[in-house]
Amino acid sequence: MMEYTMADLRSMLEYIDAELKDQAPYFDARLISRRNNVAQAIANLERAEETLAAIKKQPRPDAHNLTTVR
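In what follows, the accompanying structure is described. Counting of residues starts from 1 at the beginning of each chain's written sequence and follows it residue by residue. Only residues with pLDDT of 70 or above have their local features reported here, since the model is predicted, and side-chain atom pairs are shown and tallied only from 80 upward, although totals for entire chains, interfaces and linings are computed over all residues. Hydrogens and water are ignored here; the side-chain numbers use all heavy atoms of the structure.

1. Here's the deal with the packing of helix α1 (residues 6-23) against helix α2 (residues 29-57)
Rules: Convention adopted: a line fitted to C-alpha atoms gives each axis, helices being fitted over their contacting stretch, and angles between N-to-C directions are expressed from 0 to 180 degrees. Helix and strand labels come from DSSP, where a helix needs a run of H or I of at least four residues and a strand needs a run of E of at least two; each type is numbered from the N terminus. We call two directions roughly parallel when the angle between them is under 35 degrees, roughly antiparallel when it is over 145, roughly perpendicular when it lies between 65 and 115, and oblique otherwise. Crossing handedness: left-handed means the near helix sits turned counterclockwise from the far one by under a right angle, and right-handed means the same turn made clockwise. Contacts are assigned to residue pairs that have any heavy atoms within 4.5 Å of one another.
Between α1 and α2, the shortest axis-to-axis distance is 9 Å and the interhelical angle comes to 150 degrees. Here α2 runs roughly antiparallel to α1, going by the angle between their axes. In the packing of α1 onto α2, the handedness of the crossing is left-handed. Of the residues in α2, those touching α1 at M6, L9, R10, M12, L13, I16, D17, E19, L20 and Q23 are L31, I32, R34, R35, V38, A39, A41, I42, L45, E46 and E49.

2. Comments concerning the pattern of salt bridges
How we decide: Each reported salt bridge corresponds to a side-chain nitrogen of Lys or Arg within 4 Å of a carboxyl oxygen of Asp or Glu. Exposure classes here rest on a 1.4 Å probe applied to the protein chains alone. A residue is buried below 20% of its type maximum, exposed above 50%, and partly exposed in between.
This structure, assessed with the given rule, holds 2 salt bridges. One salt bridge connects E46 with R10, and the closest N-O pair in it is separated by 2.5 Å. Note that E46 is positioned in helix α2 and R10 in helix α1, a separation of 36 residues in sequence. Given the relative accessible area of 29%, E46 is considered partly exposed. The partner of R35 in a salt bridge is D17, and the shortest N-O contact between them spans 2.7 Å. Here R35 is found in helix α2, whereas its partner D17 is found in helix α1, with 18 residues between them in sequence.

Here's what the structure looks like:
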């Protein structure tokens with residue numbers, strides 16, 4: 001499995017969009033599918049970053065208020 005940074009994905013999306021622009025009107029279905037997958041990966045990462053930022057903003061409970069269930 002390959003791992004990409006957000007910058008890698010954005011660069012890949014720009015490249016694919018340029019390729020699609022050059023191919024118009026004869027689009028390659030595989031390239032369109034890859035473009036959609038990359039765009040979805042970017043959207044998922046952005047949503048995850050927003051969620052993580054929201055979680056980090058929540059106050060942490062005090063240790064004396066925590067209980068353990070046995």
